[in-house]
Amino acid sequence: MFTPNKEDLQFLFDSAGMDVLINDVPQQAIITLPPLSDSEERYIHTLQRINMGDMVTFDDNKYLVVNETISPRNGKYKAKIRYCNYSVKFPGETRKELLLDENGNVVKDRFGKPIYKTIEGDPIYIPARVDQQAFTIEEGQIRIPNNEILITVQDNEVNREKLILNFEFNLMTKTWKVTNVDLTRKGLMIITCQQVQSS
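All of these numbers come straight from a predicted model, not from anything done at the bench. Numbers given to residues run from 1 along each chain, matching the order in which its sequence is written. Local features in a predicted model are, by the rule used here, given only for residues with pLDDT of at least 70; side-chain atom pairs are given and counted only at 80 or more, and totals for whole chains, interfaces and linings are based on all residues. Here the side-chain values reflect all heavy atoms present in the structure, with hydrogen atoms and water set aside.

Student: Please set out the pairing of strand 2 (residues 25-32) residue by residue, giving values where relevant.
Tutor: With five bridges connecting them, strand 1 (residues 18-22) and strand 2 associate as antiparallel partners. Bridging across to strand 2, leucine 21 finds its partner in proline 26. One bridge is not enough; two strands pair if DSSP finds at least two bridges between them. Counting from the N terminus, the helices are the DSSP runs of H or I reaching at least four residues and the strands are the DSSP runs of E reaching at least two. The antiparallel pairing of strand 1 with strand 2 creates a hairpin that spans two residues between the two strands, and asparagine 23 there sits at a positive phi of about 55°. In the sheet, strand 2 pairs with strand 3 (residues 41-46) via three bridges, with the strands oriented antiparallel.

Student: Residues and numbers for the nonpolar core, please.
Tutor: Take the buried Ala, Val, Leu, Ile, Met, Phe, Trp, Tyr and Cys residues and link them wherever side-chain atoms come within 4.5 Å; each set so joined is a nonpolar core. Burial classification: accessible surface area is computed with a 1.4 Å probe over protein chains only, and a residue below 20% of its type maximum counts as buried, one above 50% as exposed, and the rest as partly exposed. In terms of nonpolar packing, the biggest core is built from 16 residues, with Ile151, Phe169 and Cys193 touching the most fellow members. Mapped by element, the contributors of at least two residues to this core are strand 7 (86-90), strand 10 (124-132), strand 13 (148-154), strand 14 (168-171), strand 15 (174-182) and strand 16 (188-195). Contacts are assigned to residue pairs with any non-hydrogen atoms lying within 4.5 Å of each other. For phenylalanine 169, the residues in contact, after removing those within four places along its chain, are Val88, Ile151, Lys174, Thr175, Trp176, Val178 and Cys193. Core analysis: the next-biggest nonpolar cluster, separate from the first, contains 13 residues, Ala29, Tyr63, Val65 and Ile81 among them.

Student: Please give an account of the side chain of threonine 69 that cites residues and values.
Tutor: Checked against the element boundaries, threonine 69 lands in the loop between strand 5 (61-65) and strand 6 (77-83). Discounting residues that sit within four places of it in the chain, threonine 69 has contacts with Arg49, Ile50, Asn51, Tyr77, Lys78 and Ala79.

Student: Please set out unusual backbone geometry residue by residue, giving values where relevant.
Tutor: When glycine is set aside, most residues are seen to have a negative phi, and most peptide bonds are trans. The phi torsion at methionine 172 lies on the positive side, around 55°, for a residue other than glycine. Positive phi, close to 60°, is recorded for threonine 173, a residue that is not glycine. Inspection of the secondary structure puts threonine 173 in the loop between strand 14 and strand 15.

Student: So what's going on with the packing of aromatic side chains? Which residues, and what values?
Tutor: Side-chain rings of Phe, Tyr and Trp, where Trp is taken by its six-membered ring, are said to pair if the distance between their centres is within 6.5 Å; with planes under 30 degrees apart they count as stacked, over 60 as edge-to-face, and otherwise as tilted. Counting across every chain of the model gives five aromatic pairs. Seen from their ring centres, phenylalanine 90 and phenylalanine 167 are 5.3 Å apart, and the 35° between their planes marks the pair as tilted. Separated by 77 residues along the polypeptide, phenylalanine 90 in strand 7 and phenylalanine 167 in the loop between helix 2 (157-162) and strand 14 bring together distant segments of the chain. Since its relative accessible area comes to 1%, phenylalanine 90 is described here as buried.

Student: So, the sheet that holds strand 6: which residues are in play, and what are the values?
Tutor: Two modes of strand pairing occur in sheets, parallel and antiparallel, and in both the strands are linked by backbone hydrogen bonds. What the six strands build is a closed barrel, ordered 1-2-3-6-5-4; its pairing is antiparallel. The sheet shows a mean angle of 45° between the axes of neighbouring strands, direction not considered. Bridge count between strand 3 and strand 6: six bridges; the pairing is antiparallel. Across the sheet, histidine 45 pairs through a bridge with lysine 78, a residue of strand 6. As a rule, the C-alpha atoms of each element are fitted with a line to give its axis, helices using only the stretch in contact, and angles between N-to-C directions run from 0 to 180 degrees. Against the sheet, helix 1 (residues 6-16) contacts strand 1, strand 2 and strand 3, and its axis sits at roughly 90° relative to strand 2.

Student: Lay out the environment of serine 87 in plain terms, naming residues and giving numbers.
Tutor: Among the structural elements, serine 87 can be located in strand 7. Considered as a pair, serine 87 and isoleucine 151 are 64 residues apart in the sequence and their alpha carbons are 10 Å apart. In this structure, serine 87 is in contact with Tyr125, Ile126, Pro127 and Leu171, ignoring residues within four places of it in sequence.

Structure follows, in structure tokens:
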């Protein structure tokens, strides 16, 4: 099998490559187009290893690496990346601070204990791929969900803390509830969500 030498590959990347961020680290890559599909997908070629679940940023857009890339092909790594079509918004972290008066003194209640106020930090936005759930098989029957979506995100500590069973959030002007967290694809979290019916 033909394997190009490292100098030729480096020349190719220097000539045709572009600067991208992979997990917020600058790297050079070549981005190519696959055959047309119903979602925005690309191929990324790099000289360094990339992993399923890596977040790729280029042209101010976020993409998730959606397949495994264990070994290089012809001296480079190649993976499919899929456009993150939504950002899921989570409330910022809350913290308690002492309530101060206009002179900077601690305000106390009638028992002499300090009064605290709750401060909510900036919201967190998680890039995600959101798709309509196609169908599932339950107890031998095909089930076509009306109000379910699949959210694919990078598997990391923040997402594991936020996207837990029964967590509710707003997206696409609807409220959704996490009903399943699938971690079988290393590097990705595939979250099944059901629309919460308003009462």
